[in-house]
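# Geometric and topological summary
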Amino acid sequence: MSRDSNCVFCRIVAGDIPSTRVLETDDAIVILDINPVVKGHLLVIPRAHHVLVGDLPDDLAGHVGSLLPRLTRSLASALGAEGTNVVINSGRVAGQEIDHCHWHLIPRFSGDPVRWPWPRDAYSGDDMARTASRIVDGLG
Ligand code: AMP
C-alpha cells in the first residue's frame, strides 16, 4: 500500500499522530476534523496515500462511497443533523491543504453559520453542449 512518511494523514492512519476515530475498515478510517466547519465534521481517509481524487483506484473510491450513507445517517440520528455536505477538495486550486485524498462530511443544521460562497455561471449558445462533448471525450 502506498504511504508517504511526510503526510499528516498517512501518519494518522499509522497511529503516529493521534486522532479521534469513529469508524475503521481495512481500507479507510473516519475521524473527526480537528477544526470542524460544524461540530461533528468527519473526514473519511483512505489508508493508502493518493493525492488527488483522480489518482484513486476505482475500487477504493467505491469503498469510501459505500460508507457515506451509513455515516450520514449517523450524523442525522446521533447529532440531529438535518442535512450533510459531502465535499472533496482535490488540488490546491480547489482548496486542498493535505495532499492525501479525503472526503469531508459536514453535518448541517438550520441556522448554522455555513455559507457556501460559490458563484454561479451560465452557459450561452452551444457552450453547454460543447463542454459536455469535451468531457465525454475525456472519459475515453
Ligand atoms: P483539505 O483542505 O480538504 O485538505 O482539508 C484538510 C482538513 O484536515 C482540514 O479541514 C483540517 O482541519 C483537517 N486536519 C488537519 N490536520 C488534522 C489532524 N491532525 N486531525 C484531524 N483533522 C485535521
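Before reading further, recall that the structure is shown in the block above.
Quick summary incoming for the structure in this document. Computed from a predicted model, the values in this text were never measured in an experiment.

## Section: the site of the ligand
Looking at the ligand, there are 15 residues lining it, with Asp33, Gly95, Glu97, Ile98 and His104 nearest. A distance of 2.5 Å separates an oxygen atom of the ligand from a polar side-chain atom of Asp33. Here an oxygen atom of the ligand and a side-chain polar atom of Asn89 are 2.9 Å apart. Every element with two or more residues in the shell around the ligand is listed here: helix 1 (8–14) and strand 2 (28–32). Taken together, the residues of the shell around the ligand break down into 7 nonpolar, 6 polar and 2 charged.

## Description of a nonpolar patch on the surface
Judged by side-chain polarity, Ile135, Val136 and Leu139 come together as a nonpolar surface patch covering roughly 330 Å² of accessible area. Classification of Leu139 by relative accessible area gives exposed; the value is 67%.

## A short note on a negative patch on the surface
Residues Asp26, Asp27, Asp58 and Asp59 make up a contiguous surface patch of negative charge. Structurally, Asp26 is set in the loop between strand 1 (21–24) and strand 2.

## Quick look at helix 3 (residues 127–139)
Over its 13 residues, helix 3 runs 18 Å from end to end, which matches the ideal 18 Å to within 8%, given 1.5 Å per residue. Within helix 3, only 0 of the 13 residues are buried, which leaves it mostly out in the open. Of the residues flanking the end of helix 3, it is Gly140, one or two places downstream, whose phi is positive at about 75°.

## Topic: the sheet that holds strand 2
On the basis of which strands lie adjacent, the open sheet formed by 5 strands has the order 1-2-3-5-4 and antiparallel pairing. Edge positions in the sheet fall to strand 1 and strand 4 (83–87), since each of these pairs with one other strand and no more. Going across the sheet, the axis of each strand differs from the next one's by a mean of 20°, ignoring polarity. Relative to strand 5 (residues 103–108), strand 4 runs antiparallel, the two being bridged by 5 bridges. By the bridge assignment for strand 5, Gly83 is matched with Arg108.

About the criteria used
Residues numbered from 1 in each chain as written. Predicted model: local features only at pLDDT ≥ 70, side-chain atom pairs only at ≥ 80, totals over all residues. Heavy atoms only, no water. Near = heavy atom within 4 Å. Polar contact = N/O pair within 3.5 Å; in protein donor to acceptor, adjacent residues only side chain to side chain. Helix = DSSP H or I, 4+ residues; strand = E, 2+ residues; numbered from the N terminus. Nonpolar A, V, L, I, M, F, W, Y, C, P; charged D, E, K, R; others polar. Patch = residues over 30% accessible without salt bridge, like charges linked within 9 Å, V, L, I, M, F, W, Y side chains within 5 Å. Areas by Shrake-Rupley, 256 points an atom, 1.4 Å probe, with all protein chains shown as cover. Salt bridge = Lys/Arg side-chain N within 4 Å of Asp/Glu carboxyl O. Buried < 20%, exposed > 50% of the residue type's maximum accessible area, 1.4 Å probe, protein only. Lys, Arg positive; Asp, Glu negative; His and termini not counted. Charge placed at Lys NZ, Arg CZ, Asp CG, Glu CD. Expected span 1.5 Å × (residues − 1). Pairing = 2+ DSSP bridges. Axes fitted to C-alpha atoms, helices over the stretch in contact; angles between N-to-C directions.

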